[in-house]
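The primary structure of each chain is shown beneath.
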Amino acid sequence: MPESGLHSANAKSESWLEVIDSDSPILLLAPHGGRAEARTRSMLNPKVNDLHTADITRGLAARLGASALINVAMDRNRIDCNRIAQIIERAPWLLDMIAERVDAIVARHGRITVLLIHGWNIIEPRVDFGLGLRHSGGELRPPGSACVSACDDFINGSLATLAERLHRHGIKPTYGMRYPGGGLQNLLQAFTARHRESPHLALRSISEVAMRGVIDAAQLELSVALRMPGELRARCEDAIADVFSGKGDSHAVRSANVINRAQRPFVAKSEIGAAATVAAPGRVGIEFYDPSAHFGAMASFDVGGAGMGARIMMLFDHHRAALFTAEGRPTRSASAVTHGPLSLRREGESIVLAFHGPAVIVPDATAYLSIERALASGRLDGDTEVEMRFEIDPARGEFDFDRVLTSSSGASDAPSSSAAFGRIAGRVRIDGVERKLNCFARAGMSFTGLGPQKFTARRMLWACFDDEEAVHAIEARSVATADAPPNQSARILDDDGWKTCELLELTIETPSVEEPPQRISASMTRADGPSCELEGAVECFIPLSRPGPEQSRIYTTLGFATFLTGGHRGAGMFEYSRVADSVLTAADETEDSDSD
């Protein structure tokens, strides 16, 4: 239908819902297109709204001539329009509106396609298809008690065609890898037979229509790189519009998915502690800082345990931050670990960190106390490049990169202290500006992934020096728990190797979670007698927060500093994390739970 035939208006009773009606067989829904409101700031672990999905849905409706119900303003922490129970309790008229449109479209066209547009807060260009299915053993199967939301012809026709088009555009499609849309209360399940006995009339009506096999519904989870304005978003929108407008050849799929609709039998899990059921991630990476360029970066890959992903974060120009994240198992070979555009590879006596892809640039790193606020203030640089070479010097640490790459268990059997120190040099291009770097560096088991995963407070630092008369490196760590004395450790690397030290004091204190440490210092005594004093000055930092155990929140201050010991100057990294059972931010929004 031509765009001139559409009409768009705000619902009179609820200004946060934009309604677009048309005579198309397609209905678009944007359940999480709103923004966090002031009351959300006081919540300990609120959820993140799916930024830009309202605009994307509106644009697709215009291009497809489709009907749409778009949440343009409602904070999902007040009403989650993707949770059936919340809709029934707080906005039951919304299900009535959906049911009316499903009935009308099916009466007019014989069947309906429903696309729910969501956001996935990773940055790698990806789309996860929610169908109540997930890949398992070479086939698509429902997780848990999920019902499948579309017919086989749709999954292996229009949706598979979309997957191929996305892949050709450099966008990775997956089927239910993160968000299969199989939860009982997930709105996608309203478009299946699962709620056919619901006492709620509108929900039961939609489910009864689904039982006739005339509804094809899919949840499209768009990553950050596909939602922020730019070329990647345009490619994604073009692919969706072309396929569902009939321009895509739904018969050109190379190989069909094997779909097994049988639900798996329920298997009860034994009651054992969480610490025993989930292994801590084994994380390998490189951290580096150039004091003259005021540029620092940390990159890491999950290569063992429960972790699934990779990331690179860069701090520069004192306050700015650039971030790329990816989800899923990295690919390991005999000489490299890779995840999409990010790689760490062995070349002779060097380790090379390389990245060429999209990164979100945020003008003020302190915005990352709230993922939603950071993403709202950021913009996408689709052509960020990193090429850095770390020269391995056996005298400066014992990190065995080859062992991590070839071990069947990843990093889990490598010593947690495994690390090498030295210099890393190369080039970085961010926001169109190229920088030549020569940095102090640490390569090995990722600094931020070390130590016990359960703590009340954790302070850590590393410092690297290259004066001939100075020690090569210093590491110090203090981890406090609720039921034991602090676990403290320190060590010094010199020409004779690592020397274990007694840590007398480690100070990393911040006035508030929004501010950098006012003082960084450590005092330690070597086993052979001499003491060592270390003083640090913060160069750049980023405050982070994430959900913690047992309804708590973990606040982390992470960054780079210059260090001084015995008159010798160097540089390195610090972390201070603490667990809180209440919100510590003064005025920031702290939305940080990414869940559909």
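Predicted model, so just to flag it, every value in this text is computed and none were measured.

**Student:** How would you explain the packing of aromatic side chains if you had to name every residue and give the values?
**Tutor:** One pass over the full model with this rule turns up nine aromatic pairs. Here the aromatic rings of F324 and F355 are separated by 4.9 Å at their centres, their planes lie at 50 degrees, and the arrangement is tilted. In this pair, F324 is assigned in strand β14 (residues 320-327) and F355 in strand β18 (residues 350-362), connecting sequence segments 31 residues apart. For F324, a relative accessible area of 0% puts it in the buried group. The residue whose ring lies beneath R491 is W498, and the NZ or CZ to ring-centre distance is 3.5 Å.

**Student:** Break down the environment of S531 for me, citing the residues and quoting the values.
**Tutor:** By the element assignment, S531 lies in strand β27 (residues 531-548). In sequence terms S531 and L504 are 27 residues apart; their C-alpha atoms lie 9.7 Å from each other. If we skip the residues at most four places from it in the chain, S531 touches M524 and T525.

**Student:** Talk me through the pairing of strand β16 (residues 336-339); I want residue IDs and the actual numbers.
**Tutor:** Summarising the sheet, strand β15 (residues 331-332) and β16 pair through two bridges and their orientation is antiparallel. Within β16, the position partnered with R332 by the bridge is V337. If you look at the hairpin formed by β15 and β16, you'll find three residues sitting between the two strands. The pairing of β16 with strand β17 (residues 342-347) spans four bridges and is antiparallel.

**Student:** Provide a residue-level description of the pattern of salt bridges, including the pertinent values.
**Tutor:** Enumeration over the complete set of coordinates arrives at 44 salt bridges. Here E575 and R458 are joined by a salt bridge, their closest N and O atoms 2.9 Å apart. A residue pair is termed long-range when its members are at least 10 positions apart, and E575 in strand β29 (residues 568-580) and R458 in strand β22 (residues 457-465) qualify at 117 residues. Pair check on accessibility: E575 and R458 agree, each one buried. A salt bridge links R491 to E475, with the shortest nitrogen-to-oxygen separation between them at 3.0 Å. Placement of R491 in strand β24 (residues 484-494) and of E475 in strand β23 (residues 473-481) is noted, with a sequence separation of 16 residues between them.

**Student:** Kindly report on the sheet that holds strand β26 (residues 519-526), identifying the contributing residues and their values.
**Tutor:** Strand pairing in a sheet relies on backbone hydrogen bonds. The paired strands run either parallel or antiparallel. Reading around the circumference, β22-β23-β24-β25-β26-β27-β28-β29 is the order of the eight strands in this closed barrel, with antiparallel pairing throughout. Taken over all neighbouring pairs, the strand axes of this sheet differ in orientation by 25 degrees on average, direction set aside. Sheet topology places β27 next to strand β28 (residues 552-565); 13 bridges connect them, and they run antiparallel. Pairing of F541 across the sheet is with G559, part of β28.

**Student:** Outline the nonpolar core, supporting the account with residue identities and numerical values.
**Tutor:** Of all hydrophobic cores here, the largest spans 113 residues; its most connected members are F129, L159, F244, F288 and M314. Those residues within four positions of L159 in sequence are excluded, and the remaining contacts are F129, L131, F154, Y175, A218, L220 and F244. With 35 residues, the next largest nonpolar core counts C81, I87, M97 and V209 among its residues.

**Student:** Can you tell me about the side chain of R311, naming the residues and giving the values?
**Tutor:** Tracing the chain through its elements places R311 in strand β13 (residues 309-316). Here the side chain of R311 touches D302 through a polar contact of 3.0 Å, side chain to side chain. Non-local contacts of R311, meaning those with residues more than four positions away in its chain, are made with R283, M298, A299, S300, F301, D302, F324, T325 and L342.

**Student:** So, the environment of A218: which residues are in play, and what are the values?
**Tutor:** Note that A218 resides in strand β10 (residues 215-223). For A218, a relative accessible area of 0% gives the class buried. Placed 64 residues apart in sequence, A218 and F154 show a C-alpha to C-alpha distance of 9.7 Å. Beyond its immediate stretch of four places on either side in the chain, A218 contacts V114, L115, L116, G130, L131, F154, L159 and L188.

**Student:** Residues and numbers for the pairing of β14, please.
**Tutor:** Across the eight residues of β14, seven count as buried, placing the element largely inside the fold. The pairing of β13 with β14 spans eight bridges and is antiparallel. If you follow I312 over to β14, its bridge partner there is F324. Counting the residues between successive antiparallel strands, the hairpin from β13 to β14 contains three residues, one of them, D317, with a positive phi of roughly 50 degrees. Here β14 runs beside β18; their pairing, made up of three bridges, is antiparallel. If you follow A321 over to β18, its bridge partner there is V362.

**Student:** Would you mind going over the side chain of T53 in detail, with residue names and values included?
**Tutor:** By the element assignment, T53 lies in helix α1 (residues 53-64). Residues contacting T53, with those up to four places away along its chain left out, are A30, H32, G33, I117, H118, G119 and R227.

**Student:** Please give an account of helix α3 (residues 92-109) that cites residues and values.
**Tutor:** With 18 residues, α3 extends 26 Å between its outermost C-alpha atoms, agreeing within 8% with the 26 Å of an ideal straight helix rising 1.5 Å per residue. Within α3 the residues assigned to the buried category are L94, L95, M97, I98, A99, R101, V102, I105 and V106. Of the residues one or two after α3, G110 is the one with positive phi, at around 90 degrees.

**Student:** Any chance you could break down unusual backbone geometry for me, citing the residues and the numbers?
**Tutor:** Across residues other than glycine, the phi torsion is negative in most instances, and most of the peptide bonds are trans. A positive phi angle, close to 55 degrees, is found at D431, a residue other than glycine. Tracing the sequence through the fold places D431 in the loop between β20 (419-430) and β21 (433-445). Look at D431 and you get partly exposed, because its relative accessible area is 27%. Of note, Q551 is a non-glycine position whose phi angle comes to about 55 degrees, a positive value. Locating Q551 in the fold gives a position in the loop between β27 and β28. Classification of Q551 by relative accessible area gives exposed; the value is 64%.

Calculation criteria
Residues numbered from 1 in each chain as written. Predicted model: local features only at pLDDT ≥ 70, side-chain atom pairs only at ≥ 80, totals over all residues. Heavy atoms only, no water. Phe/Tyr/Trp six-rings, centres within 6.5 Å; stacked < 30°, edge-to-face > 60°. Helix = DSSP H or I, 4+ residues; strand = E, 2+ residues; numbered from the N terminus. Buried < 20%, exposed > 50% of the residue type's maximum accessible area, 1.4 Å probe, protein only. Lys NZ or Arg CZ within 6 Å of the ring centre and 35° of its normal. Contact = heavy atoms within 4.5 Å. Pairing = 2+ DSSP bridges. Salt bridge = Lys/Arg side-chain N within 4 Å of Asp/Glu carboxyl O. Axes fitted to C-alpha atoms, helices over the stretch in contact; angles between N-to-C directions. Core = buried A, V, L, I, M, F, W, Y, C linked by side-chain atoms within 4.5 Å. Polar contact = N/O pair within 3.5 Å; in protein donor to acceptor, adjacent residues only side chain to side chain. Expected span 1.5 Å × (residues − 1).

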